Amino acid sequence: MKTTAAATLATLAGQAASSIAQARGPIERSGPPRFRIGIAGYSLRPYFRYMKGKEQTFRPIPDDVSFTDRDVSGGLTQTDFLDYCVSMGVEAAELTGYFMTPGPDGFPTEASLLELRRQAFTRGVVISGTAIGNNFTVGLGERYEQEVRDAIRWIDLAATLGAPHIRFFAGTAAQLAKSPTRMDEAVAAVNRCAEHAAKKGVFLGVENHGRLTAKQMLEIMDRVDSPWVGINLDTGNFESDDPYGDLEACAPYAVNVQVKPVTKTPSGEKTPADYGRIAKILRDSGYQGYVVLEYEDADVLEALPRHLDELRGAFGV
């Protein structure tokens, strides 16, 4: 472990200098902006049978909510979520890794992912991506190395699933503030994962999660030199006095967009999201890709259809 940590530390300075020198600009696109609407599996998180490899105490689906012919009294599976996406008439499903049926080692098996891929195809639902909960700002050591190993494992699983994108967390702003080397370590980890992702054809979207600022997100983009890395832009995650300004700054680097129904101030006060303003920011940036609704409140089964209609109206799809 000490040898690995020392080797990582020895390369950080060189990687940082090299990647800054090769700092890339926004994602190059051709043609007008295009949007494909989907739903994030995280929206239904209380209803899934599994949570991070273990059975959870799930919330039962009410009797008056019907979107599948199968019995869901034992909690939702990912196939059930695909049926939900069909019932909502969306094109895409973002399948969160937390809720997948675990194999013996806690990760989903190749066979289960291939079956899920088949089920999505026969329903005409595109798997827009998957999402994991890594953290690259924990400090060098065994946990850091395990975080990288697990993330690389998920790249292989995403390729099997046919998911073109994985949502990554770089870490948290609090941990970045603890040490000036935390950003170097996070960038190094993303670069290591990106090298593998490029071989598998899977995009890594670093999310503005953990109270990271737009400035920190753009620094990560400047210092990660792979064309297979961009921003997983979550419209509700900038806890800022100017969240729309932050979104505008980061949108040119977006490879996936998750839209939340609210924005937050630094004190945590929530304000209803302006879907029209978000749509304009993405149009002006030339974004082409998935726009995935992620709803986090308890009334998701009642409220999500309304928000989905509002989102479609704002984006004109």
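That block above? That's the structure.
Since we're looking at a predicted model, the values are computed, not measured.

> How should I be thinking about the overall build of the protein chain in this particular structure?
Of regular secondary structure, the protein chain possesses ten helices and twelve strands. Whereas a compact globule of 317 residues would reach a radius of gyration of roughly 20 Å, the protein chain reaches 19 Å, a difference of no more than 12%. Expressed along its principal axes, the backbone C-alpha trace of the protein chain runs to roughly 60 × 45 × 40 Å. When the 317 residues of the protein chain are sorted by exposure, 53% land in the buried category. Expressed as a percentage of contacts within the protein chain between residues at least 6 apart in sequence, the contacts between residues at least 24 apart total 78%. As displayed, the protein chain has an accessible area near 13900 Å², and 51% of this comes from carbon and sulfur atoms. Seen as two clouds, the 34 positive and the 41 negative side-chain charges of the protein chain have centres 3 Å apart.

> Explain the pattern of salt bridges to me, please; I cannot follow it from the model alone.
Think of it this way: side chains of opposite charge can pair up when their charged atoms draw near. Here the structure, examined in full by the defined rule, presents 21 salt bridges. The shortest N-O distance in the salt bridge between glutamate 91 and arginine 36 comes to 2.8 Å. Here glutamate 91, found in the loop between helix H2 (78-88) and strand E4 (92-96), pairs with arginine 36, found in strand E1 (residues 34-40); they are 55 residues apart in sequence, far enough to count as distant. In this structure arginine 36 comes out as partly exposed when scored by relative accessible area, which is 31%. Through salt bridges with shared partners, a single network forms among Arg70, Asp80, Asp83 and Arg123.

> Which parts of the structure should I look at to understand the packing of aromatic side chains?
For any two aromatic rings, the description comes down to two numbers: the centre-to-centre distance and the angle of the planes. The final tally for this structure, using the stated rule, is twelve aromatic pairs. Where phenylalanine 35 meets tyrosine 287, the ring centres are 6.4 Å apart and the plane angle is 20°; that geometry is what we call stacked. Taken as a pair, phenylalanine 35 in strand E1 and tyrosine 287 in the loop between helix H9 (275-285) and strand E12 (288-293) lie far apart in primary sequence, 252 residues in all. Each of the two residues, phenylalanine 35 as well as tyrosine 287, counts as buried. Measuring from ring centre to ring centre gives 6.4 Å for phenylalanine 81 and tyrosine 84, while their planes differ by 20°; the resulting arrangement is stacked. One end of the pair is phenylalanine 81 and the other is tyrosine 84, both in helix H2 and three residues apart, which spans about a single turn. Tyrosine 84 matches phenylalanine 81 in its accessibility class, with the two residues each being buried.

> Would you take a moment to explain the environment of leucine 44 for this structure?
Assignment of secondary structure puts leucine 44 in the loop between E1 and strand E2 (50-51). Ignoring sequence-local partners within four residues, the contact set of leucine 44 consists of Leu76, Phe81, Tyr84, Val300 and Leu301.

> Teacher, can you tell me more about helix H3 (residues 110-123) here?
Think of an α-helix as 3.6 residues a turn; residues three or four steps apart then line up on the same face. Given a rise of 1.5 Å per residue, 14 residues ought to cover 20 Å, and the 20 Å separating the end C-alpha atoms of H3 matches this to within 8%. Buried residues of H3: Leu113, Leu116, Gln119 and Ala120, and no others. Each buried residue of H3 sits inside an arc of 120° when the element is viewed along its axis, so together they form one side. In H3, the exposed positions that point more than 90 degrees away from the buried face belong to Glu110, Ala111, Phe121 and Thr122. Of the surrounding secondary structure, the elements contacted by the buried residues of H3 are H2, E4, strand E5 (126-131) and helix H4 (142-161). One or two steps after H3, the chain reaches glycine 124, where phi turns positive at roughly 70°.

> Help me out: how do you make sense of the packing of helix H6 (residues 181-200) against helix H7 (residues 214-223) in this one?
The angle between the axes and the distance between the axes are what describe a pair of packed helices. Remark: H6 packs on H7, axes separated minimally by 10 Å, with the N-to-C direction vectors making an angle of 50°. Judged by the inter-axis angle, H6 sits oblique to H7. Relative to H7, the crossing made by H6 is right-handed. In this structure, H6 uses Met183, Asp184, Val187 and Asn191 to contact H7, whose residues at the interface are Gln216, Glu219, Ile220 and Arg223. A breakdown of the residues in the contact of H6 with H7 according to their chemical character gives three nonpolar, two polar and three charged.

> Sorry if this is basic, but what is going on with the sheet that holds E5 here?
Within a sheet, neighbouring strands are paired by backbone hydrogen bonds and run either parallel or antiparallel to one another. Pairing in this closed barrel of eight strands is parallel, and the strands run E1-E4-E5-E6-E7-E8-E9-E12 around the ring. Across the sheet, the mean angle from the axis of one strand to that of its neighbour is 30°, orientation sign disregarded. Pairing of strand E6 (residues 165-169) with strand E7 (residues 203-207), which is carried by five bridges, proceeds in the parallel orientation. If you follow phenylalanine 169 over to E7, its bridge partner there is glutamate 207.

> What is the right way to read the nonpolar core from this model?
Buried together is how nonpolar side chains tend to be arranged in soluble globular proteins. Counting residues in hydrophobic clusters, the biggest one holds 93 residues, and the most contacted among them are Leu233 and Leu282. For this core, the element with the most residues is H6, which contributes nine residues. Discounting chain neighbours no more than four positions away, the residues touching leucine 233 are Asn208, Phe238, Leu247, Cys250, Ala251, Ala254, Asn256, Val257, Gln258 and Leu282.

About the thresholds
Numbering of residues begins from 1 in every chain and follows the order in which that chain's sequence is written. A pLDDT threshold of at least 70 governs which residues receive local features in this predicted model, and a stricter bar of 80 or more applies before side-chain atom pairs are shown or counted, although totals over entire chains, interfaces and linings include all residues. The side-chain quantities take in all heavy atoms of the structure and omit both hydrogens and water. Only runs of H or I of at least four residues qualify as helices and only runs of E of at least two qualify as strands under DSSP, and these elements are numbered from the N terminus. Every radius of gyration here is taken over C-alpha atoms, with the globule rule written as 2.2 Å times N^0.38, N being the number of residues. Each residue is assigned to one of three classes by its accessible area relative to the maximum for its type, calculated with a 1.4 Å probe on protein chains only: buried under 20%, partly exposed between the two thresholds, exposed over 50%. Any two residues having at least one pair of non-hydrogen atoms within 4.5 Å are treated as being in contact. All accessible-area figures derive from a Shrake-Rupley calculation using a 1.4 Å probe, and residue coverage is judged against the displayed protein chains alone. The charged-residue count follows a simple rule in which Lys and Arg add positive charge and Asp and Glu add negative charge, with His and chain termini not counted at all. A charged residue contributes its charge at one atom only: NZ of Lys, CZ of Arg, CG of Asp or CD of Glu. When a carboxyl oxygen of Asp or Glu lies within 4 Å of a side-chain nitrogen of Lys or Arg, that pair is called a salt bridge. The pairing test for Phe, Tyr and Trp rings, Trp by its six-membered ring, is centres within 6.5 Å, and the orientation test on the planes gives stacked under 30 degrees, edge-to-face over 60, and tilted for anything in between. Expected span of a helix: the number of residues minus one, times 1.5 Å. Throughout, the arc means that of the directions going from the helix axis to the C-beta atoms. The angle between two axes is taken between their N-to-C directions and runs from 0 to 180 degrees, where each axis is a line fitted to C-alpha atoms and a helix contributes only its stretch in contact. The labels follow the angle: roughly parallel below 35 degrees, roughly antiparallel above 145, roughly perpendicular from 65 to 115, and oblique for the rest. Rotating anticlockwise by less than a right angle from the far helix to the near helix defines a left-handed crossing, while the corresponding clockwise rotation defines a right-handed one. Under this grouping Gly is polar, as are all residues other than the nonpolar Ala, Val, Leu, Ile, Met, Phe, Trp, Tyr, Cys and Pro and the charged Asp, Glu, Lys and Arg. By this definition, two strands are paired if DSSP reports at least two bridges between them. Among buried residues, the Ala, Val, Leu, Ile, Met, Phe, Trp, Tyr and Cys ones that are joined through side-chain atoms within 4.5 Å form a nonpolar core.

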